[in-house]
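Letter by letter, the chains look like this.
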Amino acid sequence: MASCNNRTVIVTGAGAGLGRAYAIELAAAGANVVVNDIRAEAASAVVEEILAKGGKAIASSDDITSIASAQKIVDAALAAFGDVHAVVNNAGIL
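To keep things clear, this report deals only with the structure shown in the data block. (Residues numbered from 1 in each chain as written. Predicted model: local features only at pLDDT ≥ 70, side-chain atom pairs only at ≥ 80, totals over all residues. Heavy atoms only, no water.)

Digging into unusual backbone geometry
Of note, Asn6 is a non-glycine position whose phi angle comes to about 60°, a positive value. A relative accessible area of 52% means that Asn6 is categorised as exposed. (Buried < 20%, exposed > 50% of the residue type's maximum accessible area, 1.4 Å probe, protein only.)

Listed below in structure tokens is the structure:
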């Protein structure tokens, strides 16, 4: 997945399950990953996994259910990596 090199991807609901898997795989493919989860500890744990493997990631615990909070996620991505190329909208409640 060379197309992921230096691309910034926001992954919502990335603290566990499929979101975590997406975040880890995207980072392994060279993406800068914003690991978003309303559970700050879970998001931070995934970031630590990515960083330990040499990837690039930041954590975000902002809630995607409001425009203002969603903008904070984008702003964090821009501040850390300069651009946003994709969003994996994985967050949800079963």
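Resuming the write-up.
A few points about helix H2 (residues 40-52)
Taking 1.5 Å of rise per residue, 13 residues should cover 18 Å, and H2 covers 18 Å from first to last C-alpha, within 8% of that figure. Every buried residue of H2 is accounted for by Ala42, Ala43, Val46, Val47 and Ile50. One side of H2 carries all its buried residues, which in axial view fall inside an arc of 140°. Along H2, the residues that are exposed and aim more than 90 degrees away from the buried face are Glu41, Glu48 and Ala52. Looking at the buried positions of H2, the neighbouring elements they touch are helix H1 (17-28), strand S2 (32-36) and strand S3 (56-60). (Helix = DSSP H or I, 4+ residues; strand = E, 2+ residues; numbered from the N terminus. Expected span 1.5 Å × (residues − 1). Arc of directions from axis to C-beta. Contact = heavy atoms within 4.5 Å.)

Notes on the side chain of Asp37
Within the fold, Asp37 resides in the loop between S2 and H2. For Asp37, a relative accessible area of 7% corresponds to the buried category. A distance of 2.8 Å separates the side chain of Asp37 from the backbone nitrogen of Gly15, its partner in a polar contact. Here Asp37 is in contact with Gly13, Ala14, Gly15, Ala16, Ala43, Ser60 and Ser61, once residues within four sequence places are set aside. (Polar contact = N/O pair within 3.5 Å; in protein donor to acceptor, adjacent residues only side chain to side chain.)

Points about the sheet that holds strand S1 (residues 8-12)
Strand order in the open sheet formed by 4 strands is S3-S2-S1-S4, and the pairing between neighbours is parallel. At either end of the open sheet lies a strand with only one pairing partner, and these are S3 and strand S4 (86-88). Across the sheet, the mean angle separating the axes of adjacent strands is 20° when strand polarity is ignored. Looking at chain direction, S1 and S4 are connected through 3 bridges and run parallel. Opposite Val11, over in S4, you have Val88 as the bridge partner. Sheet contacts for H1: S1, S2 and S4; angle to S1, the most-contacted strand, approximately 165°. The strands that H2 touches are S2 and S3; relative to S3, the one it contacts most, it runs at about 175°. (Pairing = 2+ DSSP bridges. Axes fitted to C-alpha atoms, helices over the stretch in contact; angles between N-to-C directions.)

Purely geometric numbers; function is a separate question.
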